[in-house]
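# What the coordinates show
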Amino acid sequence: MNTIHSMQNDIRRLKAERDVCILAHSYQSHDILEVADITGDSFKLSEAAAQVPQSTVVMCGVRFMAETVKLLSPGKTVILAAPDAGCPMAEQMDKDMIAAFKEANPSYTVVAYINTTADLKTVCDVCVTSSSAVKIVKALPEKDILFIPDCNLGQFVQQAVPEKNIKLLQGGCPVHATVTAKEAADAKAQHPHALLLCHPECVPAVTKQADFVGSTAAIMQFARTCDADEFIIGTENSIAAHLEMELPHKRFYPLSKHLVCDNMKLTTLSGVYRAVAGIGGEVITLPENVMNAARVCIDRMIELG
Ligand code: 13P
Ligand code: SF4
């Protein structure tokens, strides 16, 4: 048995012995997805987090995801497998600035992408994920909305929900936002029969060239169910690799070699082993006032989503 298989078997045995559930975001590597109990995009993980029966959850992803699990399951031990895995977008907005905006503009509802810190969530009214953003913004009774932090996802929502007055701030994912309009045009020219599938975190000059724009899960589902057999994948490059493995009769081309989230890559199989064994990772703790205040916008997301 090779080292990877033997470590995976040790993780499976330890999970059962120690009552641990492993959640893994789809941007994780294949060897990690294979040992996870639940895999998916941030929407699926945040929903699943509230339902899992185990007393301990190991999150393979980035810090805001582990914080969200803790908010939804305050009684569980939540371990972030790679303690250094942050999300630069989640830390972009200043909490005091958002609180001051709300005070000066009381008609506005603050809609926060789930890719935000628990601390920032304390001043937000409702959370969304890339899968649920359009649906939730549509369902809100309020007309004036401040959408943070991703202005690219925000513009995507603006277009889909023109009846709302949506204000954006300058922020976004440094990985998805690096893709240029020229890269998209070049990829399409190089693969003229392929459909371009893009995440809404890409800039509008890229998404407007796409045949389909959607969350990680929506992109994967589109590729599975669409009759076409060639696709350019405009999101983190792990998704092109996972799809290639899952659908070997179809072809997947990464849109750009820059679509790699280094933070997501900080989780390794040995890091997962150490977290499950209770000798690694970081146990997530949040102050009670942060837990209570941040939970409000997560609950509203679940209610509206
Ligand atoms: P989704 O998982 O919601 O598609 O988001 C992608 C992402 O960048 C996660 O950090
Ligand atoms: Fe954050 Fe972007 Fe990485 Fe997602 S891909 S974790 S939004 S930096």
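In what follows, the structure referred to is the one given above.
Here's what I pulled together on the structure shown here. (Residues numbered from 1 in each chain as written. Chains lettered and ligands numbered in written order. Predicted model: local features only at pLDDT ≥ 70, side-chain atom pairs only at ≥ 80, totals over all residues. Heavy atoms only, no water.)

## Side note on the environment of Ala 217
Along the chain, the position of Ala 217 falls in helix α11 (residues 216-225). Put simply, Ala 217 and His 199 are 18 residues apart on the chain and 9.9 Å apart in space, counted from C-alpha to C-alpha. (Helix = DSSP H or I, 4+ residues; strand = E, 2+ residues; numbered from the N terminus.)

## Describing the nonpolar core
Considering soluble globular proteins, one finds that nonpolar side chains tend to be buried as a cluster. Counting 90 residues, the largest nonpolar core has Leu 23, Ile 148, Ile 233 and Leu 255 as the members making the most contacts within it. It is helix α14 (residues 288-304) that provides the largest number of residues to this core, a total of seven residues. Apart from the residues within four sequence positions on either side, Leu 23 is in contact with Ile 38, Leu 45, Ala 49, Val 52, Val 57, Val 58, Met 59, Cys 60 and Val 69. Counting residues in each nonpolar core, the second largest holds 18 residues, with Ile 22, Ala 24, Ile 32 and Ala 36 among its members. (Core = buried A, V, L, I, M, F, W, Y, C linked by side-chain atoms within 4.5 Å. Buried < 20%, exposed > 50% of the residue type's maximum accessible area, 1.4 Å probe, protein only. Contact = heavy atoms within 4.5 Å.)

## Observations regarding the site of ligand 1
In the region of ligand 1, the neighbouring residues are His 25, Tyr 27, Asp 41, Ser 42, Met 65, Tyr 113, Asn 115, Ser 130, His 199, Glu 201, Ser 215 and Thr 216. One of the side-chain nitrogen or oxygen atoms of Ser 42 is found 2.6 Å away from an oxygen atom of ligand 1. Take Glu 201: an N or O atom from its side chain is 3.3 Å from an oxygen atom of ligand 1. For ligand 1, the protein covers 96% of the area, taking 300 Å² as the surface of the free molecule. Its residues assigned to classes, the shell around ligand 1 comprises three nonpolar, seven polar and two charged. (Near = heavy atom within 4 Å. Polar contact = N/O pair within 3.5 Å; in protein donor to acceptor, adjacent residues only side chain to side chain. Areas by Shrake-Rupley, 256 points an atom, 1.4 Å probe, with all protein chains shown as cover. Nonpolar A, V, L, I, M, F, W, Y, C, P; charged D, E, K, R; others polar.)

## Observations regarding the site of ligand 2
With respect to spatial proximity, the complete set of residues near ligand 2 consists of Tyr 27, Cys 87, Pro 88, Met 89, Asn 115, Cys 173, His 176, Glu 201 and Cys 261. The residue inventory of the shell around ligand 2, partitioned by class, reads six nonpolar, two polar and one charged.

## A few points about the packing of aromatic side chains
Within this structure, the stated rule accounts for three aromatic pairs. Between Phe 101 and Tyr 108 the ring centres are 5.3 Å apart and the planes differ by 80°, which places this aromatic pair in the edge-to-face class. A single burial state applies to Phe 101 and to Tyr 108, both of which are buried. Aromatic side chains Phe 212 and Phe 222 sit 4.5 Å apart centroid to centroid with 20° between the ring planes, which places their arrangement in the stacked category. With Phe 212 in strand β10 (residues 212-213) and Phe 222 in helix α11, this residue pair connects regions lying ten residues apart in the sequence. (Phe/Tyr/Trp six-rings, centres within 6.5 Å; stacked < 30°, edge-to-face > 60°.)

## Focus on the sheet that holds strand β11 (residues 230-234)
Taking strand neighbours across the sheet as the criterion, the four strands line up as β10-β9-β11-β12 in an open arrangement whose pairing is parallel. Each of the sheet's edge strands pairs with one partner strand only, and the pair in question is β10 and β12 (251-254). Pairing of β11 with β12, which is carried by four bridges, proceeds in the parallel orientation. Note that in β12 the partner of Ile 233 across the bridge is Pro 254. (Pairing = 2+ DSSP bridges.)

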